[in-house]
Structure formats: C-alpha cells, structure tokens
Amino acid sequence: MISLRTALGAGVLVLGLGGAGLAVHRFQAQKSAEVEARIAARQQPVLMPAPGAPARELPVVDPTGTDKGKAPRGHVDGVALRSLLIHRKFDDLTLAVEQLQWGMEADPRNEQWMTDGMATLGNGEPDSTELLDDWVKASPDSFAPYIARGTHWVTVGHLRRGTKFAGETAEAELAGMREAFARAMPDLQRAWSLQPKAITVARPLIHMANSLGDPEARERALARATEQCPTCVDILAVYLHSLAPRWGGSYEKMDAFAGAQTRTRPELGFLRGFSDYDRARDLPVQSKDAQIQELLTRALSAGDYWEFRLARAAQLRRAGALDAALAEVNQAVALRPARASVYFERARILRASEKWGPAGEDLLHALRMDAMDSGGRDLQPQVVQGLIYAASQALKAGQREEALQLLELAGQLAPGDSQVTRWRAQAVAAPLPAAAPSEAEPTESPDDFRGVQQRDYALARERRFAEILPLWDAFLARNPEHGLAYFERSGTHYHLRNLEAALADLKKACEFGVNEGCSRARQLERVRAKAR
C-alpha cells in the first residue's frame, strides 16, 4: 500500500512537471507570437502613397538619346506604371508592359525598362495582391500580369523570410517564404510560355533559386535568358550576385564568370568589379573606411556601374564626407533613375546634411516606387521630424509659405500625424504677407489657395462651417485638380455631418496625389462600415 508521504511526493512531482510543461508551452507561444509579429511588420508598407495620375502614354521618361553609350535610353516611370495598376486600368497597363517588352526586344540596351518596371509592380505591397489577381483575370492571355504577379510573390517570400542568416531565421519565416515562392512559380512559368523573350522572368527565378539553395534552377534560368537575348546585361549582373559566397559561391567563381563574359565583349568590363564590390559589402560597417573605399574604387575602375556608385555614396556618408557622397549618389541616380534604392540613399545623405526639403522629396519619390523598403521605414520618422523642425524655423523667420510647403511634405510622408497637423494649423494662422487680405476679411480672389485656407481656419475656430463651404466651392470651380483644396473641403463637409461629401472629397484628394486624403478616406470608410 502506498504511504501518504509517497503519494504526496508523487503529486508534487506531477504538479512540478505540469508547471514546467506549462512554462515551456508559454515560452514557445511567446516565441511564436514574436516571429509572427516580425513577419507581419515586414509586410506592412511604410505608407500607402496616393496613386497619382495614371500614365496616358508609354511610361518611359526621356526615351531618346544616350550618354556616350553608358546611360540608358530613357527609364521607366515606375510611379506612373503603379498608378495604372492602382486605378485598375488593366488594359492600359497590359499594353504599357507589352510596349516595354517590345522596346527591349528592339534594343536590348533598354532591358532595364522591364527589369525596373517589374520591380515596381511586384514590390510586395499587400494591397497589390488583389489588384494583380484582377489584372490576371482581365488579361489572361498576356504575359504581362503573370510576370508582375510572380515577381510580387517572390518579393513577398523575401519579406516573410527576412534578411538574417538561415541559422537565425525561424522555421515559420522559412515556411512563409516557401509558400509564397510556390505561388510565384506557376505565374513565372506561364509568363515565359506566353512570351519566351521576356527574359525578366529569369530575375525572380534566380532569386528564388538562391534562397532555396538550388544552383541547377539558377543555371537553367540564366541559360534560357541568354539564349533569348545574348546581348542583355542586367541578367548577367543578377547572376553574378548569385555567385557570391553568401549564396554558396566564391569570389573565384565571380571573377571567372566575369572574365569569360568580357573576353568576347569588352564593353562588359564592369562585370569584373562585382567581386570587389561584394567584398566591400561583406566587410563590417565599422571596418576601416580606407579599406572599403579601396575595394569600391577598384570596382569602379572596372566600369561605371550604378550599384558601385551607390555603395561608395553610402560609405562616404557613413564617413561624414557628405558633399562627396552626394556627388556619388547623383551619379548613381543618373545611371539608374528608376530604382528606389538610389533615392533612399540620397535621402539619407540629404538628411545627414539637414537639407530637409530635398530629403523629404527623395524619400517620398522612393516610397511611391517601393513602400516596403526597410530602410525607408527607418528613415521616414527622422525626415518627418526634420521637416517639422525646418518648418518651425521658417515660421519664426516669417517665411510662412516655406513653412507650409515643408509641413505639407511632412503630411505626405506621415498622413494623419498629429504633430504635423498642429504645426500646419499654426502656420496657416500666421499672418499673410502685407499685400494679402487680413484674416478677418474675406479673400479677394477665389484663386488664392492660401487666402482661402487661412479664412477657412479662422472661421473653423468659430465653428462657422457653413460659411467656409462656398469659399472652397468657388476655388475648386476654377481649380478642379487641386488635391489639397479637396482635402481641406472634406474637413468642412465632415464638420457639417455630410460624410458622403467628405468621403468623395477625400477620394478626389487621393486621386490628385494627396496621401493624407487616401489615409483619411480609408479611415472614414472603416467608420461607415462599423456604423452599418
């Protein structure tokens, strides 16, 4: 018979084991929640930019002329291309992408049109998923929506995985990546079957092969791309990146591939710089500046390539040589003006130089192309605070218009930010120039936006909203594409409890490029949905 003492001891042991099990379960649940939160955070855009006006013709900027055979013959307008997608102009978007492909086929020097266009359309924004699905349904027989959607899912896979080494990456992150890649593959295969010369398909395929550790798939993608376009260059650069040690390759392999390409095509000499460029990237940030600069200078001596310039600009910025860094990044922008990364870096340099207006403009342009960039996420609050500070200084100096422009830019970067809103109200209330009408008098001209805006804020403080509405009605009758005016009038409609009119004005503001209009329209729609 078991004694009371023995029974009690066993009970304590069971309770102890049960408690330990619960503690382990709680720990695992906490770690799982942390991983899920990490994945979710990476998939949230920095902001949801207003789409802007959709392109009315081929979205290529300056499509004629070259710079001594080095600079591309024009570049794709990624913002205009995304605008077609957001506005659901699927027929126009299909034609635009097909024209970009035709342009590349006619002149392989325009290869970057498709490369950069797909990078923008497939940047992984969560709102793009439904839009791309609908585009596929609208144009099922064109390669265009399939390559964009496939690129999108590859980007989503990378966002889910993160950028840490495999040993520091959770299984849930790897599983999320694999699931996204599985969704991408049929689209990329379909795109290539519909348009065999669409070599841009090889880019996401190589990226997937690297992440999955599949060198054979990488080789197949390169072989097919070079067979279809033997003189294309972009795909060679993508492949060279895949030969780096971090992907299981080596610098010897990189140099051997670059040497084989340049023996028959001396104009590809810049490929020889990739191994030095990668060595510089792999050195810790705290490494001696001279060592990194030497590697990047050696890379550039092989050829003037935009990524080499961009890396050198970043290194000079970290070393505090801001004027030299700006000169370098300007070269990178000139060489690859359709890449968001060059504008993000220039914004960092301008931020470090406390040139807040230009920094904000570059950051906003970059986010319109890629609102998922992690560097943009870090940069956004710093630039917004800098813009607010610069606006406050301008206001103290009596430079009211400059202050308002800086605050409007801050509002574009941080829609709904309460600090921006407070400072903007203070700037609007500041006295107008002597020649302008006073706050107490009605504006003399319905075309004077600042005058109407100041009169609006003065009347709003007295809650005389019914008197404000005719002022904006008159202004918009003469200026029907003024986004900020629609945004201001929406507030008047809201205070008059006309939510439908307020929402219509917010959507108009969004249509004409006011990010805060987009943000508040989404908020108001959520409020209406809950009220039903």
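Residues numbered from 1 in each chain as written. Predicted model: local features only at pLDDT ≥ 70, side-chain atom pairs only at ≥ 80, totals over all residues. Heavy atoms only, no water.

K.L.:
Provide a residue-level description of the side chain of Arg82, including the pertinent values.
P.N.:
One can find Arg82 in helix H2 (residues 78-86). Ignoring sequence-local partners within four residues, the contact set of Arg82 consists of Thr120, Leu121, Asn123, Glu125, Ser128, Arg368 and Met369. (Helix = DSSP H or I, 4+ residues; strand = E, 2+ residues; numbered from the N terminus. Contact = heavy atoms within 4.5 Å.)

K.L.:
Tell me what's going on with the packing of aromatic side chains, and back it up with residues and numbers.
P.N.:
Any aromatic ring pair is given by two values, namely how distant the centres are and how the planes are angled relative to each other. Enumeration over the complete set of coordinates arrives at 13 aromatic pairs. On the numbers, 5.4 Å between centres and 45 degrees between planes, the contact of Tyr277 with Phe308 is tilted. One end of the pair, Tyr277, is in helix H12 (residues 274-282); the other, Phe308, is in helix H14 (residues 306-318), with 31 residues separating them in the sequence. This pair shows no difference in class: Tyr277 is buried, exactly as Phe308 is. With 5.8 Å between their ring centres and 50 degrees between their planes, Phe449 and Phe475 make a pair best called tilted. One end of the pair, Phe449, is in helix H21 (residues 449-461); the other, Phe475, is in helix H22 (residues 465-478), with 26 residues separating them in the sequence. By relative accessible area, Phe449 is classed as buried at 10%. Ring-pair connections join several aromatic residues into one group, and the members of that group are Phe270, Phe274, Tyr277, Tyr305, Trp306 and Phe308. Arg224 extends its terminal NZ or CZ atom over the ring of Trp192, reaching a point 4.3 Å from the ring centre. Here Arg279 stacks its cationic end above the ring of Tyr251, 4.3 Å away from the centre of that ring. (Phe/Tyr/Trp six-rings, centres within 6.5 Å; stacked < 30°, edge-to-face > 60°. Buried < 20%, exposed > 50% of the residue type's maximum accessible area, 1.4 Å probe, protein only. Lys NZ or Arg CZ within 6 Å of the ring centre and 35° of its normal.)

K.L.:
Give me the lowdown on the nonpolar core, citing residues and values where you can.
P.N.:
As a rule of thumb, soluble globular proteins bury nonpolar side chains together. Within the largest apolar cluster, 125 residues are counted, with the highest numbers of intra-cluster contacts made by Val97, Leu121, Trp135, Phe274 and Leu413. Beyond its immediate chain neighbours, meaning those up to four positions away, Trp135 contacts Leu85, Phe90, Leu93, Thr94, Val97, Leu121, Ala144, Pro145 and Ala148. If you look at the next biggest cluster of nonpolar residues, it comprises 18 residues, including Phe449, Ile468, Ala521 and Leu524. (Core = buried A, V, L, I, M, F, W, Y, C linked by side-chain atoms within 4.5 Å.)

K.L.:
Which residues make up the side chain of Glu173, and what are the values?
P.N.:
With respect to the helices, strands and loops of the structure, Glu173 is situated in helix H7 (residues 171-194). Classification of Glu173 by relative accessible area gives buried; the value is 3%. In this view, Glu173 contacts Val35, Arg38, Ile39, Arg42, Arg160 and Arg161; residues no more than four positions away in its chain are not counted.

K.L.:
I'd like to hear about the packing of helix H11 (residues 251-264) against H12, residue by residue, with values.
P.N.:
At a minimum axis distance of 9 Å, the contact between H11 and H12 shows a crossing angle of 150 degrees. If you check the angle between H11 and H12, you find them roughly antiparallel. Listed contacts from H12 to Tyr251, Met254 and Asp255 of H11 are Phe274, Ser275, Asp278, Arg279 and Asp282. (Axes fitted to C-alpha atoms, helices over the stretch in contact; angles between N-to-C directions. Parallel < 35°, antiparallel > 145°, perpendicular 65-115°, else oblique.)

K.L.:
Quick one: what's the story with unusual backbone geometry, residue by residue and with numbers?
P.N.:
Leaving glycine aside, a negative phi is the common case for residues, and trans is the common case for peptide bonds. Residue Glu354 is not a glycine yet carries a positive backbone phi of 60 degrees. In this structure, Glu354 sits in the loop between helix H16 (340-352) and helix H17 (356-369). Unusually for a residue other than glycine, Arg497 sits at a positive phi of about 65 degrees. With respect to the helices, strands and loops of the structure, Arg497 is situated in the loop between helix H23 (483-495) and helix H24 (499-511).

K.L.:
Just give me the short version of the state of the cysteines, but keep the residues and values in it.
P.N.:
The final tally for this structure, using the stated rule, is two disulfides. Disulfide partner of Cys510: Cys518, at an S-S distance of 2.0 Å. In this structure the cystine formed by Cys510 and Cys518 twists about its S-S bond by roughly 90 degrees; its chirality is therefore right-handed. Considered together, Cys510 and Cys518 belong to a single accessibility category, that of buried residues. (Disulfide = S-S within 2.5 Å.)

K.L.:
An account of the pattern of salt bridges is requested, with residue identities and associated values reported.
P.N.:
Counted according to the given criterion, the structure contains 35 salt bridges. Arg149 is the salt-bridge partner of Asp133, the closest N and O atoms lying 2.9 Å from each other. You can see Asp133 sitting in helix H5 (residues 128-138) and its partner Arg149 sitting in helix H6 (residues 143-161), a full 16 residues away along the chain. The class for Asp133 is partly exposed, based on a relative accessible area of 23%. On the accessibility criterion, Arg149 (16% relative accessible area) is buried. For the salt bridge of Arg281 with Asp278, the shortest nitrogen-to-oxygen distance reads 3.9 Å. With Arg281 and Asp278 both in helix H12, this residue pair falls three residues apart, about one helical turn. (Salt bridge = Lys/Arg side-chain N within 4 Å of Asp/Glu carboxyl O.)

K.L.:
Hey, could you go over the environment of Gly451 for me, with residue numbers and the actual values?
P.N.:
On the secondary structure map, Gly451 appears in helix H21. The spatial distance from the C-alpha of Gly451 to the C-alpha of Val428 is 9.2 Å, given a sequence separation of 23 residues.

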